[in-house]
Each structure stands twice: as structure tokens, then as C-alpha cells.
Amino acid sequence: LFAIGLAGALSRRNAIVVLIGIELMLNAANLNLIAFWRYGPNPEALEGVIFVIFSIGIAAAEAAVGLGLIITVYRHFKSTSVEGFDELKG
């Protein structure tokens, strides 16, 4: 799952698809955290679940900020192509 997200984030030129690839990578990390928690030495403690809930909150904030940036860039350039983002450098 992580490799699919990485390939999607690196090979695409559309900013929305890149954002979806990043979300896939975060979901793969969440699956690993849950698996390591469940099959770890102390599954009664909820450290893995707490890490995943924190990670989901970070992913939601990242998606909101990312979509806001993509909408702003689209309004300015009328395109969601990642190649136009280098013109934003100050």
C-alpha cells in the first residue's frame, strides 16, 4: 500500500492525485502501527491505537491544508498541474 502511494505521488503531475498518494502512504503507516500494536508484546495497552488516532488527525489537517492550497493555485493558474508550482517561489 505504501509503495502504491509512493508511486502515485512521484509519478503524477496532477496535484490532487499527488495528495491522494500521500494519503495512501499515511494509511499504510496506520496499518503498520495497528499490526505492530496488535501482535506486540502487550496488546492490552492502547499505545498503537493512540498513535493511529493522532496520525489520522494529522492526515485530516494535511488534507485540509493541501486542498486549500490546491484550490488557491487553481484559482490563480487555472490548472492543478504540479509543474506550475515552481512559479510560486519568492
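None of these values were measured; they are calculated from a predicted model. (Residues numbered from 1 in each chain as written. Predicted model: local features only at pLDDT ≥ 70, side-chain atom pairs only at ≥ 80, totals over all residues. Heavy atoms only, no water.)

Draft legend 1. Structural detail: the overall build of the protein. Of the regular secondary structure elements, the protein holds three helices and zero strands. Taken from N to C terminus, the helices and strands of the protein fall in the order α-α-α. In terms of overall size, the protein is more extended than a compact globule, its C-alpha atoms giving a radius of gyration of 17 Å where 90 residues would be expected to give roughly 12 Å. When burial is assessed residue by residue, the protein has 23% of its 90 residues classed as buried. Pairs at least 24 apart in sequence give 46% of the contacts found in the protein among residues at least 6 apart. Total accessible area computed for the protein in this model is approximately 6,600 Å², and 70% of it derives from carbon and sulfur atoms. Side-chain charges in the protein split into 6 positive and 7 negative, and the spacing between the mean points of these groups amounts to 9 Å. (Helix = DSSP H or I, 4+ residues; strand = E, 2+ residues; numbered from the N terminus. Rg over C-alpha atoms; globule rule 2.2 N^0.38 Å. Buried < 20%, exposed > 50% of the residue type's maximum accessible area, 1.4 Å probe, protein only. Contact = heavy atoms within 4.5 Å. Areas by Shrake-Rupley, 256 points an atom, 1.4 Å probe, with all protein chains shown as cover. Lys, Arg positive; Asp, Glu negative; His and termini not counted. Charge placed at Lys NZ, Arg CZ, Asp CG, Glu CD.)

Draft legend 2. Up close: unusual backbone geometry. The phi angle at K78 is positive, at roughly 60°, despite the residue not being glycine. Counting through the fold element by element, K78 comes out in the segment after α3 (47-77). On the basis of relative accessible area, K78 is assigned to the exposed category, the value being 61%.

Draft legend 3. Main features of a nonpolar patch on the surface. Where nonpolar side chains cluster on the molecular surface, the patch consists of F2, L6 and L10 and spans about 310 Å² of accessible area. Take L10: it is sitting in helix α1 (residues 2-11). By relative accessible area, L10 is classed as exposed at 66%. (Patch = residues over 30% accessible without salt bridge, like charges linked within 9 Å, V, L, I, M, F, W, Y side chains within 5 Å. Salt bridge = Lys/Arg side-chain N within 4 Å of Asp/Glu carboxyl O.)

Draft legend 4. Just the packing of aromatic side chains, in detail. Going through the model one piece at a time under the given rule, you end up with zero aromatic pairs. Above the plane of the ring of Y39 lies R38, whose end atom (NZ or CZ) is 5.4 Å from the centre. (Phe/Tyr/Trp six-rings, centres within 6.5 Å; stacked < 30°, edge-to-face > 60°. Lys NZ or Arg CZ within 6 Å of the ring centre and 35° of its normal.)

Draft legend 5. Structural view of the environment of A63. Tracing the backbone through its elements, the reader meets A63 in helix α3. Sequence spacing of A63 and A15 is 48 residues, and the spatial spacing of their C-alpha atoms is 12 Å. Each residue touching A63, except ones within four places of it in the same chain, is listed here: L19 and E23.

Draft legend 6. Layout of helix α2 (residues 15-38). Between the first and last C-alpha of α2 there are 35 Å, a value that for 24 residues agrees with the 34 Å anticipated at 1.5 Å per step. Taken residue by residue, α2 has A15, V18, L19, G21, M25, A28, N30 and W37 as its buried positions. (Expected span 1.5 Å × (residues − 1).)

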